[in-house]
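So you can see what is in the structure, the chains are spelled out below.
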Amino acid sequence: MRITFVLPGHGKTPVGGFKVVYEYANCLARRDHKVTVVHAALLDKYTAPLDYPKKVARFVQRSLDKSYQPKTWFSIDPRVMLLWRPSLNAKFIPDSDVVIATAWQTAEWVQDYPGKKGEKFYLIQHWENWGHNDVSRLEQTWRAPLHKIVIARWLKDIADSMGEESDYIPNGLDFDSFGIDHDIKLRNPYHIMMLYHPLSWKGSRYGVEAVISLKNEFPCLVGTLFGTTRRPTLPPWIEYYRLPSPLLLRKLYNRAAIFLAPSLSEGWGLPACEAMMCGTAVVATDIGGHREFLEHGHNGLFVPPADSSGLAAAVRTLIADQRLRSDLARAGYESIKKFTWRRACDSFELVLRKYTNA
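A brief structural summary. (Residues numbered from 1 in each chain as written. Predicted model: local features only at pLDDT ≥ 70, side-chain atom pairs only at ≥ 80, totals over all residues. Heavy atoms only, no water.)

**Comments concerning the side chain of Glu108**
Checked against the element boundaries, Glu108 lands in helix α3 (residues 104-110). Look at Glu108 and you get buried, because its relative accessible area is 7%. (Helix = DSSP H or I, 4+ residues; strand = E, 2+ residues; numbered from the N terminus. Buried < 20%, exposed > 50% of the residue type's maximum accessible area, 1.4 Å probe, protein only.)

**What to know about the sheet that holds strand β13 (residues 301-303)**
Pairing within the open sheet is parallel, and its 6 strands lie in the order β10-β9-β8-β11-β12-β13. One side of each edge strand has no neighbouring strand; the edge strands of this open sheet are β10 (238-242) and β13. Each strand axis lies, on average, 20° off the axis of its neighbour in the sheet, ignoring direction. Strand direction decides the pairing type here: strand β12 (residues 281-285) and β13, joined by 3 bridges, are parallel. When the sheet's bridge partners are listed, Ala284 is paired in β13 with Phe302. (Pairing = 2+ DSSP bridges. Axes fitted to C-alpha atoms, helices over the stretch in contact; angles between N-to-C directions.)

**Concerning empty space enclosed by the protein**
A full pass over the atoms with the stated rule returns 2 cavities of 30 Å³ or more. For the largest cavity, the calculated volume is near 130 Å³. Around the largest cavity sit 16 residues that line it, and Leu195, Ala261, Pro262, Ser263 and Glu266 are the ones nearest its centre. Elements supplying a minimum of two residues to the lining of the largest cavity: β8 (191-195), β11 (258-261) and α8 (270-277). Among the residues forming the lining of the largest cavity, the class breakdown is 9 nonpolar, 5 polar and 2 charged. The space that makes up the second largest cavity amounts to roughly 60 Å³. Along the walls of the second largest cavity sit Lys19, Val20, Glu23, Gly172, Leu173, Asp174, Phe178, Leu270, Glu274, Met277 and Trp341, which together make up its complete lining. (1 Å grid on protein atoms, 1.4 Å probe; cavity = no way out; pocket = protein on both sides within 12 Å on 5 of 7 lines; lining within 4 Å. Points joined across faces, edges and corners; volume = space filled by probe spheres on them. Nonpolar A, V, L, I, M, F, W, Y, C, P; charged D, E, K, R; others polar.)

Below is the structure:
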């Protein structure tokens, strides 16, 4: 099949949703499908005229330096065609058997493509009600005549509530990049790790508050944060790594005993999964995107969202009970193994064939 993925922007900076698309692209290309991934400088279908000069300049810049590609953080199979386009207008999209929107803004374009662009799909990775006031546009894309694929059960529940059919395909995970290199039992129980993100719904402020409060209680505590932004305002004793390579990130996960996942909303919490693959016990907010792979008391601990004292209390429990921490980490490692990319790609390919008769 000729398969086109339409991404909401450039791939220079690590983004979990982009990583999922690139993984599918690689997997499908290895199965002899002709795969194209389109990135666009102008995303919003109704961009204000005053924004055009800036978008044009950025388009030219990234066309020349190829910075729309994920060269520094993800390895793309050479059989996958990466395209950089001025916008997602149909004239810039190759003819295909399948075209897949990957965000609500891309779905607004894809729903209007002519038939020669391919059977229309919508890979839904979150309820994307951030960054804009007109939630009705988001809702309309969920009701658009696109075959919907959701990555989590809570997203399928939303589709069901709208009377929309969807296929549920849980994500796969990169077991080549992440694994246990350091004995779980021998890790420093006071070493805590967390992803930092400036967006409020990522909940980083609550995680940082928890870590700081625990430092007052346990002076030997070590905090390690990583993210894509420059170092935020943090106490000097907290380590911060900006844009760590997959190899370094694996080392950091293996150093830590406990991983905090404080997000208020996630389609699917990839960093927590990576921590579990590396044998780190996870304390996470009780949200849909974490329930996909965590069960309280079995392979992790849940706390309510926006509760820094709850996060601190759960970490305190794991510090005090080393056997519990080790048991949760080991159970997390064993339970996460089922989320392979082979399984996900098998299901994804079947869904594409179901609607295209290919």
